[in-house]
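Below, each chain spelled out in residue letters.
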Amino acid sequence: MADALIHRGPDGEGLFFWPPSSDERRPAPVSVGLGNRRLAVIDPSGGRQPVSNEDGTVTVVYNGEIYNYRELRSSLEAKGHRFRSWSDTEVIVHQYEEDGWRCVERFRGMFAFALWDAPKRTLLLARDRIGIKPLYYSVQGAQLVFASELWSLVRGLGRLPAIDPLALAQLFLVQYVPAPQTLFPQVFKLPAASVAIWRDGALDLQSYWSPRPPATGGEAPSTGVTRTEAELVEELRRRLDDAVSSHLVSDVPVGAFLSGGLDSSLIVESMQRLSGQPVRTFAVGFEGQPAGEAGISGEGELEYARQVSSSIGTVHRELVVTPHRFSDALPQVVAALDDPVLDPALIPTFLVSRMARRDVTVVLTGEGGDELFGGYQRYRLQRWAPLLAAVPRSLRSMMLGRIRSLRFRQGLEAFWADSAAASHLGWAASGPSAELRALCLDGAHYDQAVGVLIDRFERLRATDGSMAPIDQSDADGRVAAMLDLDLRTWLPDDLLVKVDRMAMAVSLEARVPYLDHPLVEWASALPSRYKVRGGVGKYLLKRAAAGRLPPSIVHRAKQGFSPPLGRWLCGPLGDEALERCMTTAANQLGFWDRKTVERWFGA
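Only a predicted model underlies this, so the values are computations on that prediction, with no experimental measurement involved.

1. A few points about the packing of helix H4 (residues 165-174) against helix H17 (residues 443-462)
The contact between H4 and H17 brings their axes to 9 Å, and the two run at 75 degrees. In this view, H4 runs roughly perpendicular relative to H17, as classed from their interaxial angle. Contacts between H4 and H17 involve Pro165, Leu166, Ala169, Gln170, Leu173 and Val174 on the former and, on the latter, His445, Tyr446, Gln448, Ala449, Val450, Val452 and Leu453. For the contact of H4 with H17, the residue count by class is 10 nonpolar, 3 polar and no charged.

2. Topic: the nonpolar core
By size, the foremost hydrophobic cluster in this structure holds 146 residues, and its most contacted members are Val104, Phe107, Phe111, Phe113 and Tyr514. Looking at this core, the element that brings in the most residues is helix H19 (residues 490-504), giving 9 residues. In contact with Phe113, other than residues within four places in its own chain, are Val60, Val61, Tyr62, Ile92, Cys103, Val104, Phe107, Leu124, Leu125, Ala126 and Leu135.

3. Considering the side chain of Ser148
Here Ser148 lies in the loop between strand E8 (143-147) and helix H3 (150-157). By relative accessible area, Ser148 is classed as buried at 14%. In this view, Ser148 contacts Leu5, Arg8, Asn63, Pro134, Tyr136 and Arg501; residues no more than four positions away in its chain are not counted.

4. Side note on empty space enclosed by the protein
Using the criterion set out here, one finds 7 cavities of 30 Å³ or more in the structure. A volume near 90 Å³ is recorded for the second largest cavity. Taken together, 15 residues make up the lining of the second largest cavity; nearest its centre are Arg127, Pro134, Tyr136, Val497 and Arg501. For the lining of the second largest cavity, the element with the highest residue contribution is H19, accounting for 6 residues.

5. A closer look at the confidence of the model for the protein chain
Chain-level statistics for the protein chain give a pLDDT mean of 89 and a share of 91% at 70 or above. Contacts from residues 214-218, a stretch scored under 50 in pLDDT, to residues over four places away or in other chains number 12 contacts. Low confidence marks residues 292-298, where pLDDT is under 50. Its contacts with residues over four positions away, or in another chain, come to 16 contacts.

6. Here's the deal with a nonpolar patch on the surface
A surface patch of nonpolar side chains, about 230 Å² in accessible area, is lined by Leu395, Met398 and Met399. Mapped onto the elements, Met399 comes out in helix H13 (residues 393-402). Judged by relative accessible area, which is 31%, Met399 ranks as partly exposed.

7. Notes on the packing of aromatic side chains
What the rule picks out here adds up to 9 aromatic pairs. Ring geometry for Tyr376 and Tyr379: centres 5.6 Å apart, planes at 50 degrees, overall tilted. Given the relative accessible area of 13%, Tyr376 is considered buried. Between Phe415 and Trp427 the ring centres are 5.4 Å apart and the planes differ by 80 degrees, which places this aromatic pair in the edge-to-face class. Note that Phe415 is positioned in helix H14 (residues 406-415) and Trp427 in helix H15 (residues 420-428), a separation of 12 residues in sequence. Taking NZ or CZ as reference, Arg533 lies 4.0 Å from the ring centre of Tyr539, over its face.

8. A few points about the sheet that holds strand E5 (residues 109-117)
In space, the 6 strands of this open sheet follow the order E3-E4-E5-E6-E10-E11, with antiparallel pairing throughout. The open sheet has two free edges, formed respectively by strand E3 (51-52) and strand E11 (202-207), since each of these has just one partner strand. Bridge count for strand E6 (residues 122-127) against strand E10 (residues 194-199) is 5 bridges, and the pairing is antiparallel. Each bridged residue has a counterpart across the sheet, and for Leu124 the counterpart in E10 is Ile197. Contacting E3, strand E4 (58-66), E5 and E6, helix H2 (residues 89-99) crosses the sheet at an angle of about 125 degrees to E4.

9. Looking at the sheet that holds strand E7 (residues 136-140)
Across the sheet, 3 strands lie side by side as E8-E7-E9; this open sheet has antiparallel pairing. Both outer strands of the open sheet, E8 and strand E9 (188-189), are each paired with one neighbouring strand and no more. Across 2 bridges, E7 lies against E9 in antiparallel orientation. Opposite Tyr136, over in E9, you have Lys189 as the bridge partner.

Rules of the game
Residues numbered from 1 in each chain as written. Predicted model: local features only at pLDDT ≥ 70, side-chain atom pairs only at ≥ 80, totals over all residues. Heavy atoms only, no water. Axes fitted to C-alpha atoms, helices over the stretch in contact; angles between N-to-C directions. Helix = DSSP H or I, 4+ residues; strand = E, 2+ residues; numbered from the N terminus. Parallel < 35°, antiparallel > 145°, perpendicular 65-115°, else oblique. Contact = heavy atoms within 4.5 Å. Nonpolar A, V, L, I, M, F, W, Y, C, P; charged D, E, K, R; others polar. Core = buried A, V, L, I, M, F, W, Y, C linked by side-chain atoms within 4.5 Å. Buried < 20%, exposed > 50% of the residue type's maximum accessible area, 1.4 Å probe, protein only. 1 Å grid on protein atoms, 1.4 Å probe; cavity = no way out; pocket = protein on both sides within 12 Å on 5 of 7 lines; lining within 4 Å. Points joined across faces, edges and corners; volume = space filled by probe spheres on them. pLDDT = per-residue confidence, 0-100. Patch = residues over 30% accessible without salt bridge, like charges linked within 9 Å, V, L, I, M, F, W, Y side chains within 5 Å. Areas by Shrake-Rupley, 256 points an atom, 1.4 Å probe, with all protein chains shown as cover. Salt bridge = Lys/Arg side-chain N within 4 Å of Asp/Glu carboxyl O. Phe/Tyr/Trp six-rings, centres within 6.5 Å; stacked < 30°, edge-to-face > 60°. Lys NZ or Arg CZ within 6 Å of the ring centre and 35° of its normal. Pairing = 2+ DSSP bridges.

What follows is the structure, given as structure tokens:
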């Protein structure tokens, strides 16, 4: 199982067994095996794992970073705990001795860990608040098997489970399989902000955190005091700098992905100002992408990344992704993507990670900015909600039937959904419902998957008391519901999977300052009007960026990070893609309708 994770940790391996030895005639009632592959980032020479406490009764293996480990260490030493290393891993063991499983509430960072408490015969699994680091598990009778990735877990099971057709239908619907499910029955993701306690052959799951519900009126987040917009801008700047500063802790070189968009550009500007030295930045563009505002055909956002690099003074490297490079990288991406997401941005993320790994071991990225501050177009479109809500129900079906644009039709379906959960599914879906249903050979799987997803989204909304029916004319309420569900689903189950797997495939650690939990709590409590105002998304974030970034970066339209597949698929790449679709196991097993796929490709 550890061998299957060598890409996540090429710098060392550690194994732990309990009991250390046993009499075969009198086997131990409980046996435990822990394994770790280490990417050395903090205390490279002394931070080997597994790590135990002073008497060896508590042992941990761990993936991630605890950014406030120095403060926690000082407090623990004052209480008499003795440390053997300068690594953040050892803090987990001693904080557990103080607080039990609630130690996770003190950690600021991204983490997935397994901790064995020998005196209590208890195993603790824990995952960070947002779900930045992965953790999978499976209960097989009296046995618990867990791992950072599915292929490692499958080795522990000793067999490859059958694919669940319902999970596959969900994958085609929304590009990912929502937690806690996976493609395999009886194999689960530990949800974000959760711990699992294994004792006496039983598993108990506990949730320990959720973002606060949106504030109302003019109250500032976390204070209950009315604040001016200018004061909120300054507080956002301070909080973002604090998040970036905490994420710079490292004993190895740190760089950043720079797309030229607002989110990553603000991160890089803060890094440069806080570190006082040139930051190494990495960017990708796409051959055949329309010039648009960039003004340079074939490169897309690269010109914007160059503007940011030039204005700030970073050491910049870039790569243009061609259809040939895209196709060549696809098998490597699929091999690294054990928990699949159907996101074309996987390939450029892999390629920019591979380029960055030649110079650095850690990168900071801009994931989370859209979900926290309202960056997607679907949030801005909610300003039309009152107008569309006025369309009589009797006319809606007729209008949908006459619209040829798939995107427009999908958007109207989402607008006119009867609940926030159904609306979220409409926006998150890969396409209009009729097209997606036609893809599934068994339409019952599609219908069942729709029901499962809506039920999942409704239960997530219920956790923060927002189960009230959606008011189709309430644009601010709709935006707040969309942001909340995107933060709980799309972000951890798609975007963070993409970044984690593609970066770790080349032994690169990716950190996400926007998802520093104090910043997430503060931003989640902001009223929607500070995120989307009229047709402007990321309203407050753009105010915070003014004066720190060039105006062309602050006010440009969001372009996204996906290759121009529509153009590429009109050429040889389309023939290759159709051939792959028709020869994969999914087609051979009868999961999708061949005629629908051929129609989509114009074959």
